[in-house]
Structure formats: structure tokens, C-alpha cells
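# Observations on the three-dimensional arrangement
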Amino acid sequence: VSLGELMTKTQVTDIPDIVEEAGAVTPGGQVILDVAAELFSDKGYDATSMREVACRAGMSKANVFHHFGSKHELYLEVIREACRDSSEALRQGQNEGDTVTEQLSAFLRHHLETLLRNEQVSRLVVREVINSSPEGGKELAEQVFFEGFTELVEIVREGQVRGEFRPDMDPALLAQLIISTNVFFFQSRNVMRHFPLVDFTDDPERFARMASDLLFYGCLQNPTDNQRSLSGTGTVQEKSNGMKVHD
């Protein structure tokens, strides 16, 4: 059962009692979340029961339901918590660079570290994104990913305002490329490491540096003023509306 199917059965409500103050999870709520993340990752949604969560957490089933109104709410909060780690990676990146390019490069590195460090729950999140129905995808976008992705897009847009990035570029596309670069590395590294021409899968930090270099500085050795843009008509230097893209 995917999150989308569950959403036709359960209305997501505000989760009570796990938050004492803004951003602070109660100790009991955190124990439940940690246990649930492990069980949902190992066994999947259907095979995980609230009774088992309670047993592994060392508390009663009633206490689990006191923190979370339903298994669905617990499942959604597990995914939310995993995404909070990505938000923290974004904040780390902002603190480590003066330019937007440096900030995004640092975010790419920290985001990849987060995926690899929390491999179990990262796989759960990726699986949910891949398997979500249209309804489930809408719920994930609105309830889980919206804030973090919007913040990332705004940072890219700031790079355009500062003149670091081309103004004709779609900032949401670059944000998606940054995330998808890391997610594909995370998913494929056990296969890619067996290709003789691939020598970066066992060195994630080096991969992050190389990926940042290509994403933010491009792969053309000598870009020319009359290089045509692949995203539309006109040259890279000057689009059809007369807007100068870069020198």
C-alpha cells in the first residue's frame, strides 16, 4: 500500500503531543519515530503494526496512539523527519559559503552525506516518491517537500539576482538537478562501482565536488558568445528578448 492509497482512507491532521515547542520533539515521540522508521524501512507499511511499534519502543499501544492518531500519521511523520535532515543540510550550506554557488555546492555535499548516513530511512523516502500515486504525490509535495524545495529554489533565484547564474535559467530545474544528482548516486552506487570507467562511487565527497563543478560551471571547455542555448531559440549570450545572459 502506498501513501497515496492510504490518503483516500485517512485524513492527515495535525500530529498532537510529539511537539512540546516549535521544532522540539518529545523524548517519547522521538523513540516512536526511530522505531517506526526502522520497521517501515525493513518491513514496509502493511507488515508493520502499531502493536509492534509499541513493543519495540517499550511502551503501550495506547501511548503510541496518544502521540500519533493513526499508523498513517506516524508513517507520514517518519518521512517528514527524514526531510528535516535535508533542510538542515541546506542551512549548513548557507552558513559555509559567501557566494550562492559556494552555498549550493556545500548543500549538495551535506545532502549527499545525509542520504548516505541515514541510508535506511532514505531508501524509504525514495521508495515512497517512486511508488506514490498522483494523489499521494500531491500530498507529499504539499505536506512534506514543499517548504524545503521552495527554499532551495529561492536560493537559486538569489544567485540569479546577484548575477552569478543566467537569468533565463529556470531556478526550479537547477534545484531539481541538484537533488536528483544525489538521489541517483545514492540509488545506483552499488552498481556503478563495478564499471571500470567509474572511479568516484567509493568517494562521495569527491563525487560531490565534481558534480558541483559540472552543475555550476558547465562542461563546455570554451563557451563562446554565439553558443546557442539548448533550452530555446537565441544564443547563450543574448536571448530573443534582448536580455543579456552572461558575458
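The paragraphs below set out a description of the structure included in this document. In this text, all values refer to a predicted model and were calculated from it rather than measured experimentally. (Residues numbered from 1 in each chain as written. Predicted model: local features only at pLDDT ≥ 70, side-chain atom pairs only at ≥ 80, totals over all residues. Heavy atoms only, no water.)

## A look at the overall build of the chain
Looking only at helices and strands, the chain features 10 helices and two strands. Reading the secondary structure of the chain in the N-to-C direction produces α-β-β-α-α-α-α-α-α-α-α-α. Within the chain, the proportion of its 247 residues that are buried is 40%. Carbon together with sulfur atoms contributes 52% to the accessible area of the chain, which is approximately 13800 Å² in total. (Helix = DSSP H or I, 4+ residues; strand = E, 2+ residues; numbered from the N terminus. Buried < 20%, exposed > 50% of the residue type's maximum accessible area, 1.4 Å probe, protein only. Areas by Shrake-Rupley, 256 points an atom, 1.4 Å probe, with all protein chains shown as cover.)

## Some thoughts on the nonpolar core
A general tendency of soluble globular proteins is for nonpolar side chains to be buried together. If you look at the biggest cluster of nonpolar residues, it comprises 27 residues, and the most contacted ones within it are Ile32, Phe40, Val53, Val64, Leu74 and Val78. Elements with a minimum of two residues in this core: helix H2 (27-43), helix H3 (50-57), helix H5 (71-95), helix H7 (119-131) and helix H8 (134-161). Setting aside chain neighbours within four positions, we find Phe40 in contact with Tyr45, Thr48, Lys71, Leu74, Tyr75, Val78, Leu124 and Arg127. (Core = buried A, V, L, I, M, F, W, Y, C linked by side-chain atoms within 4.5 Å. Contact = heavy atoms within 4.5 Å.)

## A look at the side chain of Ser122
Within the secondary structure, Ser122 sits in helix H7. With a relative accessible area of 7%, Ser122 lands in the buried category. Looking at Ser122, its side chain comes within polar contact range of the main-chain oxygen of Leu115, at 3.1 Å. Excluding residues within four positions of it along the chain, Ser122 makes contact with Thr114, Leu115 and Phe186. (Polar contact = N/O pair within 3.5 Å; in protein donor to acceptor, adjacent residues only side chain to side chain.)

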